Amino acid sequence: MLVRTLSGPAPKTKLPEGAVDTQMHMYLPGYPALPGGPGLPAGALPDPDQYRQLMGWLGINRVIITQGNAQQKDNGNLVACLSEMGDVARGVCVIDATTSDAEMERLSAAGVVGARIMDLPGGAVGLSELEIIDAKAAEHGWMLAIQFDGSNILDHEPRLAALKSRWCLDHHGKFFCGVTPDSDEVAAVMRLMDAGNLWFKFAGVYESSKSGGPDYADVAAVARALGAYAPERIIWGTNWPHNLAREQTDYPDDAALTDTVLGWLEDDASRRLALVDNPRQLFGLRPGEL
C-alpha cells in the first residue's frame, strides 16, 4: 500500500512567509470517483489532515485546491475541503456551459477563485468549451487553469491570446513532444506571457519529462529560460498527492522535489515572486487574504 511521507528534514530552500502552493488536490470521505475520470488516489485518502502535515514540513502557508479529475464536474468534494481548510485555502473548480450565475456566486462564496480546463484523458472539460468558460470566469473575476498537450500550443495560440481572464498554463506546459528553450512552442509561451494575463506553473514536472529525475534536465532547461524571461509570470505547486503514483517506488520525495524545482529560479527574489506575489495577482487575492 502506498504511504505518503509527510515529514522529515526540511527542504534546503526556505520558502518565504506567505508561500502559496498553487497546485494540489485534496479529498474527503463520501465523494466517490465518477465515470469519465480516474479513480481516487492510491493509499490512504489524501485529506486535509495529511496536507496540513505537508504544509508544516515544506513551509507552505497558503493553498489553492484544484478540483480533481476523479470527481469530474461535481465540485462537492472541493467545496467541503475549502470549508475544512478555512481561510488558508481557495479553490479552482470545474464549470461548463450549463453552470448558472447563481451557482457561480455560490462557488465564489465558498472560496472558489478559478475554473479548470483539462484537455487530456480524464479531464472533465476540455478546450472545446474554452471561450464559454472564459466568458463566465471573466464576468465573475475568476482565473483559468488550463492544461493540454503543449506540443499543440501553436495551434491553440490564437484562442489563448484572445482570453479575457487571467490564466495559467499548467504543469510546465506538458510538452509531450519534447522541447528546448529555442523551440517554437516555448516562443509561443513567451508571446502569451507578454500579453500580460498568462502565468506559467511549475508543478508536476515528472508528468512530462522525458529525461526523468532526479534532475529532469529537459524540463529544467525550459523552466530556467521562462523563469529568467518573465519571473513575474511564474507560479509553483507541489502537485500533491502526486495522483499518478500508484506504487511506493513512484512516489516522489516532496522536500527534494521542492529544492529541485525552486532551484530553477535565479534567486530568492524570483522565488518570492513565484511563491507569494505572483499567486496573489493571478488568483485575485487581496493583501492580507489567506
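The following paragraphs examine the structure supplied in this document.

Conventions we followed
Residues numbered from 1 in each chain as written. Predicted model: local features only at pLDDT ≥ 70, side-chain atom pairs only at ≥ 80, totals over all residues. Heavy atoms only, no water. Phe/Tyr/Trp six-rings, centres within 6.5 Å; stacked < 30°, edge-to-face > 60°. Helix = DSSP H or I, 4+ residues; strand = E, 2+ residues; numbered from the N terminus. Buried < 20%, exposed > 50% of the residue type's maximum accessible area, 1.4 Å probe, protein only. Disulfide = S-S within 2.5 Å. Contact = heavy atoms within 4.5 Å. Polar contact = N/O pair within 3.5 Å; in protein donor to acceptor, adjacent residues only side chain to side chain.

**Digging into the packing of aromatic side chains**
Step number 1: Counted by the stated rule, this structure contains three aromatic pairs.
Step number 2: With 5.4 Å between their ring centres and 50 degrees between their planes, tyrosine 51 and tryptophan 240 make a pair best called tilted. Here tyrosine 51, found in helix H1 (residues 48–58), pairs with tryptophan 240, found in the loop between strand S8 (234–236) and helix H8 (254–262); they are 189 residues apart in sequence, far enough to count as distant. Each member of the pair, tyrosine 51 as well as tryptophan 240, carries the same accessibility label: buried.

**Points about the state of the cysteines**
Step number 1: Inspection of the entire model under this criterion finds zero disulfides.
Step number 2: With no disulfide partner, cysteine 93 has as its closest neighbouring cysteine sulfur the one in cysteine 168, 13 Å distant.
Step number 3: Cysteine cysteine 177 remains unbridged, with the sulfur of cysteine 168 as its closest cysteine sulfur at 20 Å.

**Some thoughts on the environment of arginine 233**
Step number 1: Tracing the backbone through its elements, the reader meets arginine 233 in the loop between helix H7 (217–229) and S8.
Step number 2: If near-sequence neighbours (up to four positions away) are discounted, arginine 233 is found in contact with Met193, Gly196, Asn197, Leu198, Trp199, Phe200 and Asn278.
Step number 3: Within the structure, the side chain of arginine 233 is placed 3.1 Å from the backbone oxygen of glycine 196, a separation counted as a polar contact.

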